[in-house]
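# Understanding the architecture of this molecule
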Amino acid sequence: MLQITGVSRRFGDVTALADVSLEIRQGEFFALLGPSGCGKTTLLRILAGFESPDSGAVTLDGEDLLGRPAHRRPVNLMFQSYALFPHMTVARNVAYGLEREKLPKAEVRSRVAEVLEKVGLSAMAGRRPQQLSGGQRQRVALARAIVKRPRLLLLDEPLSALDKKVRAEMQLELKRLQHEVGITFVVVTHDQEEAMSLADRIAVFSAGRVEQVDAPVALYERPRTPFVAGFVGANNIFSGRACSVGLASDGLGVLPGSSDLPDGTPALLAVRPERLRLDGGRDGEGVLKGEVADVSFYGGVSHVSVAVPGRAEPVLAATQGATPIRAGAQVNLSWAAGDGVLVPQ
Amino acid sequence: MTRSTVSGAAAASRSRRSRALGRLVFLGPGLTYLIVLLLIPLALVLSYTLFRRGRFGGVVYEATGENFTRLFDPLYLDVILGSLRLATIATVIALLVGYPTAYLIAMLPRKWKTVALVAIVLPFWTNFLVRIYAWIVLLSGPGLVNSTLGELGLGPFEFLYNQGTIVTGLVYSYLPLMVLPLYAAIEKLDPQLREASANLGARPARTFVSVTLPLTLPGVVTGCLFVFVPSFGNFIIPELLGGGRSIMVGNLIRDQFLKARDWPFGSTLALALIAVLVVLLLLQAWSARRA
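Residues numbered from 1 in each chain as written. Chains lettered and ligands numbered in written order. Predicted model: local features only at pLDDT ≥ 70, side-chain atom pairs only at ≥ 80, totals over all residues.

Here the focus is the UniProt feature "domain: ABC transporter" (unreviewed entry) in chain A. Under the feature "domain: ABC transporter" (unreviewed entry), the UniProt entry names residues 2–232 of chain A. Here residues 2–232 of chain A is 36% helix and 26% strand, with 25 Å between the C-alpha atoms at its ends. (UniProt positions renumbered as here; feature names shortened; annotations may be inferred. Helix = DSSP H or I, 4+ residues; strand = E, 2+ residues; numbered from the N terminus.)

A word on helix H1 (residues 40–48) of chain A. Residues and elements named next belong to chain A. With nine of its nine residues buried, H1 lies for the most part within the structure. Listed as buried for H1 are Lys40, Thr41, Thr42, Leu43, Leu44, Arg45, Ile46, Leu47 and Ala48. Just beyond H1, the residue with positive phi is Gly49, at close to 95°. (Buried ≥ 20, exposed ≤ 12 C-beta atoms within 10 Å, placed from the backbone.)

Right, let's get into the interface of chain A and chain B. In this complex, chain A contributes 16 residues to the contact, which on the side of chain B involves 15 residues. Listed by contribution, the elements that provide at least two residues to the side of chain A that touches chain B are strand S6 (75–78) and helix H2 (90–100) of chain A. Per-element tally for the side of chain A that touches chain B: the top contributor is H2 of chain A, with three residues. For the side of chain A that touches chain B, a count of residues per class yields eight nonpolar, five polar and three charged. (Contact = placed C-beta atoms within 7 Å. Nonpolar A, V, L, I, M, F, W, Y, C, P; charged D, E, K, R; others polar.)

Turning our attention to unusual backbone geometry. Located in the positive-phi region is Glu157 of chain A, a residue other than glycine, with phi close to 40°. Mapped onto the elements, Glu157 of chain A comes out in the loop between strand S7 (152–156) and helix H5 (164–181). Within the chain, Tyr161 of chain B stands out as a residue other than glycine whose phi angle is a positive 60°. Along the polypeptide, Tyr161 of chain B turns up in the loop between helix H6 (144–151) and helix H7 (163–188). For Tyr161 of chain B, a count of 19 C-beta atoms within 10 Å corresponds to the partly exposed category.

Two numbers describe a pair of packed helices, the interaxial angle and the distance between the axes. Residues and elements named next belong to chain B. Running from N to C, helix H8 (residues 191–199) and helix H9 (residues 204–232) point in directions that differ by 140°, and their axes come no closer than 10 Å. One element, H8, and the other, H9, form an angle in the oblique class. Helix-helix and strand crossings are classified by hand; for H8 and H9 the assignment is right-handed. Taken together, the residues of H9 that come into contact with H8 (itself represented by Leu193, Arg194, Ser197 and Ala198) are Thr207, Ser210, Val211 and Thr212. Broken down by class, the residue content of the contact of H8 with H9 amounts to three nonpolar, four polar and one charged. (Axes fitted to C-alpha atoms, helices over the stretch in contact; angles between N-to-C directions. Parallel < 35°, antiparallel > 145°, perpendicular 65-115°, else oblique. Left-handed = near helix turned anticlockwise from the far one by under 90°.)

Next up on the list: the nonpolar core. By size, the foremost hydrophobic cluster in this structure holds 107 residues, and its most contacted members are Ala31, Val94, Ala143, Leu154, Val204 and Leu269 of chain A. Residue contacts for Leu154 of chain A: discarding those within four places in its chain leaves Leu44, Leu47, Ala48, Val75, Leu77, Met78 and Val186 of chain A. Membership of the second largest hydrophobic core comes to 42 residues, among which are Ala94, Phe232, Leu241 and Val249 of chain B. (Core = buried A, V, L, I, M, F, W, Y, C linked by C-beta atoms within 7 Å.)

Time to look at the packing of H2 of chain A against helix H4 (residues 134–146) of chain A. All names here are of chain A. The geometry of H2 relative to H4 is characterised by a closest axis approach of 7 Å and an angle of 25° between their N-to-C directions. In terms of orientation, H2 and H4 fall into the roughly parallel class. As for how H2 packs across H4, the hand of that crossing is right-handed. In this structure, H2 uses Val90, Asn93, Val94, Tyr96 and Gly97 to contact H4, whose residues at the interface are Val140, Ala143 and Arg144. In terms of residue class, the contact of H2 with H4 is built from five nonpolar, two polar and one charged.

Let us look at the sheet that holds strand S9 (residues 201–206) of chain A. Residue and element names in this part refer to chain A. Ordered by their spatial adjacency, six strands build an open sheet running S6-S7-S8-S3-S9-S10, and the pairing between neighbours is mixed. Of all strands in the sheet, those bounded by a partner on one side alone are S6 and strand S10 (209–214). Between one strand axis and the next, the sheet turns by 20° as a mean value, whatever way the strands run. Relative to strand S8 (residues 184–189), S7 is paired through five bridges, and the arrangement is parallel. Among the inter-strand pairings, Leu154 is bridged to a residue of S8, identified as Val186. Most of the contacts of H1 go to S7, to which it runs at about 145°, and overall it touches strand S3 (29–33), S6, S7, S8 and S9. Its contacts with the sheet place H4 against S6 and S7, and it is angled at close to 175° to S6. (Pairing = 2+ DSSP bridges.)

The structure is reproduced here in structure tokens:
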């Protein structure tokens, strides 16, 4: 549906986007995830028409998008700061886009009422944006963007200005709305939990490049690049060379893992903290041995960091609930070969 | 119990007194300045409006209302209305020239903004009179413009000493005072609001009318006031560029005091001028509160 081909953009010496290609499907909830400054917002602004790429093409349902000025694109953007018009009421804000289409007044009124109902703000129609809470403003911004029934809805950090509790509510609401209206959503975010919980597929950006495009579970379980392994979720990362049973690590011997990399390829091995098994005491079987440096209890899980001789950073293990292990204890660490993911370096 | 309450109240009143004293220390110099140099002279001038003129200037303290009746003499009313007209035209032209200028400056990259703003206020570094005389040099019969046009086989034209020249002088002198508040208003405007408007399907012209202009209206009102107020009471520009006749109310006031030696009527004209400006200031305050 949306086809982005070889899009590049430079600002002076800074490469914001380097040869980015993506294909986004009809009705999909797609996330652009990356640290700030990785180029994801630039891509969004190119789609909206506020920025033009130095090279590359963008088509929407086969039609060229880049040749059209911003006000003629069937694409709506929900701004990070919401950008609500402060001199207009909620209803006038929402009606603004429909009035530009020169629709009959009665239709504008009924569609505005309908969309305000959908986001639960019918009672606020006569208020000014300044008189609303953050969550309410966010919903006005969303209503203003979807009321035009765009083919593509862009959301720039839609939830970042909200506090944690409202954010969780709005996440569910966004997903429900997307199902209801059936519009393709492209959301930009630096918050991986947000991307994971909302999106059907995620494109991870780093320094202007797309590192990996995958469904959230695949992205978490099978990172394909060192950046994704380090950026998405917590990971214990070991470096070395691929071998038949896993990784011949630098200084820690052979670590179990599964891969189809040719032997001897420089690689990283990534193991999720929750996949690590800890057993205390005697000289039992273990891949690594170490001393517990610190235990933190988070309610549902506990994080145990283990200092392993021969490795600079501690190894992090997560256990369900509270753990009897205390700092200073000698422990053995192990994991199944299937849980060690090899990533070419 | 009672005692501690009493002493608490005493302490509170003491701290109130010291706070009032503190305020007085800070307000004192400004207040003294305003009272001695503005309020007292103003009250004096305004009190003249109620008395007769002295034969060789000054005031005879004999109550009369004739100064006010004279104000509505068509002779003087025309001058007041004429001044209103010229000041209004100058303000409108300054707004039409100033808005695009301020808008462009606000859109410049940061370092060029500073350069442009310095260029806008640069004329203020030269004496006002010198700048007005420069216009005479430019526009006079054998002046720079006419001699250049003469080489092209045109003219000579009579540029000076008409109402158009006065308006030119007023616009030229006070344009920076229009540009600066407009610039501040436009610069403050979140550029994402314009983007949001475009994103919702508005052409650039529609975005300007529906978003940019309404949200910069306080700047427009302030700029207009900054140009209108000094234009309305101006007497140097009409004197030098308008041919020295009493064309604007400023000249009239000056002439009443210095030539006709009619201080009471001069004061009455001054009062009329102040009254018009106060009404305008109240309107501006009202519109600023609404925005």
